[in-house]
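Residue-level listing of the chains:
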Amino acid sequence: MLDKFEIRVLRITGLLIIIFFFSILYVTGKRKVDVTECIPYDKAYAEPRVTKIDDKTYQVFAVAGMWTFEPSVINIPPGAEVDFFVTSKDVVHGFNIAERNVNMMAVYGGISKTTVKFPETGVYKITCHEYCGTGHQNMQAEVIVDYPKP
Ligand code: CUA
């Protein structure tokens, strides 16, 4: 038989579990956390390009290789939401945009995907943060967020 004290401990434990569970749900919704996805490989992703869906929505197909990213310069307007699809044509590289909290791996035969908003103008460095050989430290690209030139 459980005594009063044990019942109280069980109730408090149950309550804490419920609070914990709902606070995780709340924070996930509130912060709009975008979890990096791995999507099935297709040759179409290995073609470096920037695709404009509409004025505020872009897709970037980035291909990492020793020791560059293609495309090396990505131009988008402020307020754009960008889907990044990242792959590699050789070894494992990293794909990091520190100021936008992007941290992905670029892997041959795999596609990493994340969605990022760029609300403000600026130049955002993309860097490789996975050691990939002698040119690793020079491996970078940039996202230039600016109003289109008329
Ligand atoms: Cu690519 Cu380090």
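Sequence positions are assigned chain by chain, starting from 1 and proceeding in written order. Side-chain atom pairs in this predicted model are given and counted only at pLDDT of 80 or more, local residue features only at pLDDT of at least 70, and totals for whole chains, interfaces and linings cover all residues. Only hydrogens and water are set aside; all other atoms, that is, all heavy atoms of the structure, feed into the side-chain values.

1. Let's talk about the UniProt feature "domain: Cytochrome oxidase subunit II copper A binding" (unreviewed entry) in the protein chain
Rule in force here: UniProt positions are given in the numbering used here, feature names are shortened, and annotations may be inferred rather than shown by experiment. A run of DSSP states H or I qualifies as a helix once it reaches four residues; a run of E qualifies as a strand once it reaches two. Both are numbered from the N-terminal end.
The residues that UniProt annotates with the feature "domain: Cytochrome oxidase subunit II copper A binding" (unreviewed entry) are residues 53-150. Here residues 53-150 is 0% helix and 58% strand, with 20 Å between the C-alpha atoms at its ends.

2. Some points on unusual backbone geometry
Following Met66, the chain continues to Trp67 via a peptide bond in cis, the omega torsion being -5°. In this fold, Trp67 is placed in the loop between β3 (57-65) and β4 (68-70). For the peptide bond that leads from Glu70 to Pro71, omega is -10°, which places it in the cis range. Its identity is not glycine, yet Asn101 carries a phi of approximately 60°, on the positive side.

3. Details of the side chain of Lys113
Which entries qualify depends on this criterion: Only protein chains enter the accessibility calculation, which uses a 1.4 Å probe. A residue is then buried if its area is under 20% of the maximum for its type, exposed if over 50%, and partly exposed in between. Any pair of residues with heavy atoms lying within 4.5 Å of one another is described as a contacting pair.
Within the secondary structure, Lys113 is located in strand β9 (residues 111-118). Look at Lys113 and you get buried, because its relative accessible area is 17%. Lys113 has contacts with Val35, Thr36, Glu37, Ile39, Asp83, Phe84, Phe85 and Met104, leaving out every residue within four places of it along the chain.

4. Quick look at the nonpolar core
The condition is simple: The term nonpolar core refers to a set of buried residues drawn from Ala, Val, Leu, Ile, Met, Phe, Trp, Tyr and Cys, joined through side-chain atoms within 4.5 Å.
Formed by 26 residues in total, the largest nonpolar core has its most connected members in Ile76, Phe84, Phe95, Ile97, Phe118 and Val143. Secondary-structure elements contributing two or more residues to this core are β3, β5 (73-76), β6 (80-88), β7 (93-97), β8 (102-106), β9, β10 (122-127) and β11 (140-145). Phe84 has contacts with Val60, Ile74, Phe95, Ile97, Met104, Ser112, Lys113, Thr114, Val116, Phe118 and Val143, leaving out every residue within four places of it along the chain. The next biggest cluster of nonpolar side chains, apart from the first, holds five residues, and it includes Ile39, Tyr45, Phe85 and Ile111.

5. Looking at the packing of aromatic side chains
Threshold: In this scheme Phe, Tyr and Trp rings, the latter by its six-membered ring, pair at centre separations within 6.5 Å, and the angle between planes marks the pair as stacked below 30 degrees, edge-to-face above 60, and tilted otherwise. Here, over-ring charges are defined by two tests on the NZ atom of lysine or the CZ atom of arginine: distance to the ring centre within 6 Å, and angle to the ring normal within 35 degrees.
Summed over all chains, the structure comprises eight aromatic pairs. Between Phe21 and Phe22 the ring centres are 5.5 Å apart and the planes differ by 85°, which places this aromatic pair in the edge-to-face class. When the ring centre of Phe61 is taken as origin, the NZ or CZ atom of Arg49, which lies over that ring, is 3.8 Å away.

6. Side note on the UniProt feature "transmembrane region" (unreviewed entry) in the protein chain
With numbering matched to this structure, UniProt assigns "transmembrane region" (unreviewed entry) to residues 12-29. Across residues 12-29 one finds 100% helix and 0% strand; the C-alpha atoms that close the span lie 26 Å apart.

7. With respect to the pattern of salt bridges
To be explicit about the condition: Whenever a carboxyl oxygen of Asp or Glu lies within 4 Å of a side-chain nitrogen of Lys or Arg, that contact is scored as a salt bridge.
The final tally for this structure, using the stated rule, is four salt bridges. Residues Glu37 and Lys113 are paired through a salt bridge, measuring 3.6 Å at the closest nitrogen-oxygen approach. With a gap of 76 residues between them, Glu37 in strand β1 (residues 37-39) and Lys113 in strand β9 connect regions that are remote in the sequence.

8. Overview of the environment of Thr28
Among the structural elements, Thr28 can be located in helix α1 (residues 4-31). Sequence separation between Thr28 and Val123 is 95 residues, and the spatial gap between their C-alpha atoms is 28 Å.

9. What about the environment of Val145?
Here Val145 lies in strand β11. Counting along the chain gives 66 residues from Val145 to Gly79, while the straight-line C-alpha distance between them is 8.7 Å. Sequence-distant contacts of Val145, defined by excluding residues within four places in its chain, comprise Ile76, Pro77, Pro78, Phe118, Glu120, Thr121, Gly122 and Tyr124.

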